[in-house]
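Okay, here's what each chain looks like letter by letter:
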Amino acid sequence: MSLSSFSSPALAWLRGVPDSYPRCLRGNNLPIDVSLARAQHRAYADALAEAGVALSWLPADELCPDSVFIEDTAVLLGPRALATAPGAAARAPEVPPVAEALARHVPLSRMAPPAALDGGDVLRAGDTLFVGLSGRTNERGVSALASVAAREGLAVRPVPLAAGLHLKSVVTLLDPGTLVLLDGALDPAPFLGAGLDLLLVGEPAGANVLALADRVLVSADAPETARRLSARGHAVVRLSLSELHKGDGALTCLSLRSPPPGRWCA
Ligand code: CIR
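What you are looking at is a predicted structure, and each value in this text was computed from that prediction instead of being measured.

**Comments concerning the sheet that holds strand β3 (residues 74-77)**
Then comes step 1: Taken together, three strands build an open sheet; the order of strands is β3-β4-β5 and the sheet is mixed. Looking at strand neighbours, the two that pair on one side only are β3 and β5 (108-110), the edges of this open sheet. With direction set aside, neighbouring strand axes in the sheet form an average angle of 20°.
Then comes step 2: In this sheet, β5 lies alongside strand β4 (residues 80-83) in parallel orientation, the contact comprising three bridges. Bridge assignment links Ala-81 to a residue of β5, and that residue is Leu-108.
Then comes step 3: Packed onto the sheet, helix α2 (residues 95-103) meets β3, β4 and β5 and runs at close to 155° relative to β5.

What follows is the structure, encoded as structure tokens:
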């Protein structure tokens, strides 16, 4: 595993929150305050900028209520990007504007149905991409990603997901050698077999953290996780995400992150 070259992203792509956001795909009917969602999204962007990450914004799209969850539309593999075929048909129109923007910066590969893959199912740890076989990502999607990833020297390991929206809904990178995993959410064998340490957390919102080189972003809905990470010596940045959680989103899905040349990032 490339433990030494973990980095903060050099650049993060974000997409604004549309007025239509409350009509996004979600498993609840809780009222969403769009103004508050925008303020929370802005604070997320500010936290990335304060960590030295350059931001590139795509405009909100009223026809795409889920478009703020930009991570699902592409996988950035250092010098190359793959535009996905999202597993929810309603989200397919989100991809072309993101793909066009990415193609101006990096060589872009494209995935087409019946392959399906959401970026939220792709968890990078060193030179390995763990890919959730979820309700949104199928075997063909994993194969399509694997062939692009192989060109960058990255291995793909499928991880069956019994519950949860995406792999990164339940497990994310804490630091180059450690994952945060929602206790009991899935079989940890693939991660342990890859030599990774696991920190088991009990708070669902605590399983999705966003690790930067010198700090980690944690949802304010996971106070116990934040406390444990602080106690382990991590510089924790707590962010309120209530309105984005109501859309079944979390920290990682709000950006597409590109590492500096020769490095990798979460
Ligand atoms: C969806 O159901 O697709 C969106 N409402 C939430 C997507 C969250 N994305 C992510 O975790 N990567």
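**So, the packing of aromatic side chains**
Then comes step 1: Scanning all chains against the criterion turns up three aromatic pairs.
Then comes step 2: Taken together, a centroid distance of 4.9 Å and an interplanar angle of 65° make the contact between Phe-6 and Trp-264 edge-to-face. A residue pair is termed long-range when its members are at least 10 positions apart, and Phe-6 in the segment before β1 (11-15) and Trp-264 in the segment after β15 (256-258) qualify at 258 residues.
Then comes step 3: For Phe-6, a relative accessible area of 11% puts it in the buried group.

**Quick notes on the nonpolar core**
Then comes step 1: Counting residues in each nonpolar core, the largest one holds 31 residues, and the members touching the most others are Leu-167 and Phe-191.
Then comes step 2: Residue contributions to this core peak at four residues, all from strand β10 (residues 178-182).
Then comes step 3: If we ignore the near neighbours within four places in the chain, the residues touching Phe-191 are Leu-123, Phe-130, Val-159, Leu-167, Val-171, Leu-179, Leu-186, Leu-196 and Leu-198.

**Side note on the site of the ligand**
Then comes step 1: Around the ligand there are 14 residues in total, and Leu-25, Asp-66, Arg-91, Arg-136 and Gly-247 lie nearest to it.
Then comes step 2: One of the backbone nitrogen or oxygen atoms of Leu-25 is found 2.6 Å away from a nitrogen atom of the ligand.
Then comes step 3: Relative to its unbound accessible surface of 350 Å², the ligand loses 97% to contact with the protein.
Then comes step 4: Here the ligand occupies the largest pocket.
Then comes step 5: Residues of the shell around the ligand, tallied by class, amount to four nonpolar, four polar and six charged.

**Remarks on unusual backbone geometry**
Then comes step 1: The residue after Pro-113, namely Pro-114, is reached through a cis peptide bond having omega 10°.
Then comes step 2: Relative to the assigned elements, Pro-114 resides in the loop between β5 and β6 (122-125).
Then comes step 3: Backbone geometry at Asp-248 places phi at a positive 65°, although glycine is not the residue there.
Then comes step 4: By secondary structure assignment, the location of Asp-248 is in the loop between α7 (242-245) and β15.
Then comes step 5: Looking at Asp-248, the relative accessible area reads 35%, which means it is partly exposed.

**Let's talk about the pairing of strand β13 (residues 216-219)**
Then comes step 1: Across the two faces of β13 the burial is the same, with Val-216 and Val-218 and Leu-217 and Ser-219 all buried.
Then comes step 2: Here two bridges tie strand β12 (residues 210-211) to β13, and the two strands are oriented antiparallel to one another. Each bridged residue has a counterpart across the sheet, and for Leu-210 the counterpart in β13 is Leu-217.
Then comes step 3: The antiparallel hairpin formed by β12 and β13 contains four residues in its connecting segment.
Then comes step 4: Pairing analysis gives four bridges linking β13 to strand β14 (residues 236-239), with the strands arranged parallel. By the bridge assignment, Leu-217 is partnered in β14 with Val-237.

**What to know about the pattern of salt bridges**
Then comes step 1: In total, this model carries 13 salt bridges according to the counting rule given.
Then comes step 2: Among the salt bridges present, the one from Arg-215 reaches Asp-214, with a minimum N-O distance of 2.9 Å.
Then comes step 3: Here the residues in one salt-bridge network are Glu-71, Lys-168 and Arg-257, joined through shared partners.

**With respect to the sheet that holds strand β9 (residues 171-175)**
Then comes step 1: In spatial order, the strands read β9-β10-β11; together these three strands make up an open sheet with mixed pairing. The sheet is open, and its two edges are formed by β9 and β11 (197-201), each paired on a single side. Strand-to-strand, the axes of this sheet are offset by a mean angle of 30°, without reference to chain direction.
Then comes step 2: Looking at chain direction, β9 and β10 are connected through four bridges and run antiparallel. Its bridge partner being in β10, Val-171 is matched across the sheet by Leu-181.

So, how was this worked out
- Residues numbered from 1 in each chain as written.
- Predicted model: local features only at pLDDT ≥ 70, side-chain atom pairs only at ≥ 80, totals over all residues.
- Heavy atoms only, no water.
- Pairing = 2+ DSSP bridges.
- Helix = DSSP H or I, 4+ residues; strand = E, 2+ residues; numbered from the N terminus.
- Axes fitted to C-alpha atoms, helices over the stretch in contact; angles between N-to-C directions.
- Contact = heavy atoms within 4.5 Å.
- Phe/Tyr/Trp six-rings, centres within 6.5 Å; stacked < 30°, edge-to-face > 60°.
- Buried < 20%, exposed > 50% of the residue type's maximum accessible area, 1.4 Å probe, protein only.
- Core = buried A, V, L, I, M, F, W, Y, C linked by side-chain atoms within 4.5 Å.
- Near = heavy atom within 4 Å.
- Polar contact = N/O pair within 3.5 Å; in protein donor to acceptor, adjacent residues only side chain to side chain.
- Areas by Shrake-Rupley, 256 points an atom, 1.4 Å probe, with all protein chains shown as cover.
- 1 Å grid on protein atoms, 1.4 Å probe; cavity = no way out; pocket = protein on both sides within 12 Å on 5 of 7 lines; lining within 4 Å.
- Sits in = over half its atoms within 2 Å of the grid points.
- Nonpolar A, V, L, I, M, F, W, Y, C, P; charged D, E, K, R; others polar.
- Salt bridge = Lys/Arg side-chain N within 4 Å of Asp/Glu carboxyl O.

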